[in-house]
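Breakdown of the fold
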Amino acid sequence: MTDIDWIESTRTSYDTVADSYTDFVDAAIGRWDPFVWAFLDAFAALSKAKGPVLDAGCGPGRVTAHLKDKGLEISGIDLSPRLIEIARTHRPDIDFTVGSITQLPVDAAHLAGIICWWVLHHVPDDSIGAVIGQFFEKLQPGGVLLLGGHLGSSTHTKTEGYGGHPMNVHMAKRPLEAVAETLEEHGFVIDLQATLDPRSTAPSLVVLAHKPM
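First, a word on what this report is: a plain description of the structure on this page. Treat the numbers as computed from the prediction; the structure is a model and nothing was measured.

In terms of regular secondary structure, the protein is built from 6 helices and 9 strands. Expected size for 213 residues packed as a compact globule is a radius of gyration near 17 Å; at 16 Å, the protein falls within 12% of this value. Counting only C-alpha atoms and orienting by the principal axes, one finds that the protein spans roughly 45 × 40 × 35 Å. Counting the 213 residues in the protein, one finds 52% classified as buried.

So, in structure tokens, the structure goes:
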């Protein structure tokens, strides 16, 4: 699958499920445990007052809004025009733009922080290095990256979701060690890595890293 193929199939899929996916996100946030909020708040504390922050793959903008309310100068991008429309309607005070994490719409060394929250599982293995490289390039020296996502070691194509709507998206659950190694290969320093609900049927990973000064 080429970059254009997976990007376009992901865009089309999330346009299709956008409204039901937003309902899913709202319900999921209501079930988050304190650890998840602690990671987000740590990211906010490390990024606040140091410059602009980007939510890369912001979906309906709920996490973006939380971080905005923590005082961050934050904007969001997402492939799906419908999700961006939903995000703008919910929080017109935040700059939400249609865009791809493969081509972040900012200058090099511009950002104080990047959050990429449950997004990288849609990126194929042969493109993940380029995405992480983009993150590193766009961060200021000392800039912070927060990743959250699925934990595992499997790959498949998701063909249905969020109310039974058709989808065609890549799904890669990766080991925590592999994600951390990719970050380090592209210059990042790992500050924190954690697993959430490791014994559940849907374990997750969180990695906090920074670009060296």
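A word on the layout of surface pockets. One number sums up the size of the largest pocket: a volume of about 1,100 Å³. Residue lining of the largest pocket: 44 residues in total, with Y21, F24, W117, W118 and H150 positioned closest to the centre. Counting only elements with at least two residues in the lining of the largest pocket, the list comes to α1 (3-29), α3 (62-69), β2 (74-78), β6 (154-161) and β7 (165-173). Examining the composition of the lining of the largest pocket, we find that 8 residues originate from one element, α1, more than from any other. Space inside the second largest pocket adds up to approximately 240 Å³. Taken together, 19 residues make up the lining of the second largest pocket; nearest its centre are L120, I128, R174, V179 and L205. For the lining of the second largest pocket, the elements supplying multiple residues, two or more each, are α5 (125-138), β5 (139-150) and α6 (176-185). When the residues that make up the lining of the second largest pocket are grouped by side-chain class, the tally is 12 nonpolar, 5 polar and 2 charged.

By the definition in use, this model includes 9 aromatic pairs. Seen from their ring centres, F136 and F188 are 5.2 Å apart, and the 85° between their planes marks the pair as edge-to-face. Within this pair, whereas F136 is found in helix α5, its partner F188 is found in the loop between α6 and β8 (189-196), the two being separated by 52 residues in sequence. For F136, a relative accessible area of 21% puts it in the partly exposed group. Residue F188 is classed as buried on the basis of its relative accessible area, which comes to 3%.

Moving on, we come to the pairing of β6. Pairing between β6 and β7: 7 bridges, direction antiparallel. Note on β7: the bridge partner recorded for E160 is P166. With antiparallel pairing between neighbouring strands as the criterion, β6 and β7 make up a hairpin whose turn holds 3 residues, including Y162 at a positive phi of roughly 55°.

Residues L176, V179, A180, T182 and L183 constitute the buried set of α6. When α6 is viewed along its axis, its buried side chains cluster within an angular range of 160° and face the same direction. Opposite the buried face of α6, at more than 90 degrees from it, the exposed residues are E177 and E185. Residues of α6 that are buried in the fold lie against α5, β5, β8 and β9 (204-210). Backbone geometry just after α6 places G187 at a positive phi near 105°.

Criteria and cut-off values
Residues numbered from 1 in each chain as written. Predicted model: local features only at pLDDT ≥ 70, side-chain atom pairs only at ≥ 80, totals over all residues. Heavy atoms only, no water. Helix = DSSP H or I, 4+ residues; strand = E, 2+ residues; numbered from the N terminus. Rg over C-alpha atoms; globule rule 2.2 N^0.38 Å. Buried < 20%, exposed > 50% of the residue type's maximum accessible area, 1.4 Å probe, protein only. 1 Å grid on protein atoms, 1.4 Å probe; cavity = no way out; pocket = protein on both sides within 12 Å on 5 of 7 lines; lining within 4 Å. Points joined across faces, edges and corners; volume = space filled by probe spheres on them. Nonpolar A, V, L, I, M, F, W, Y, C, P; charged D, E, K, R; others polar. Phe/Tyr/Trp six-rings, centres within 6.5 Å; stacked < 30°, edge-to-face > 60°. Pairing = 2+ DSSP bridges. Arc of directions from axis to C-beta. Contact = heavy atoms within 4.5 Å.

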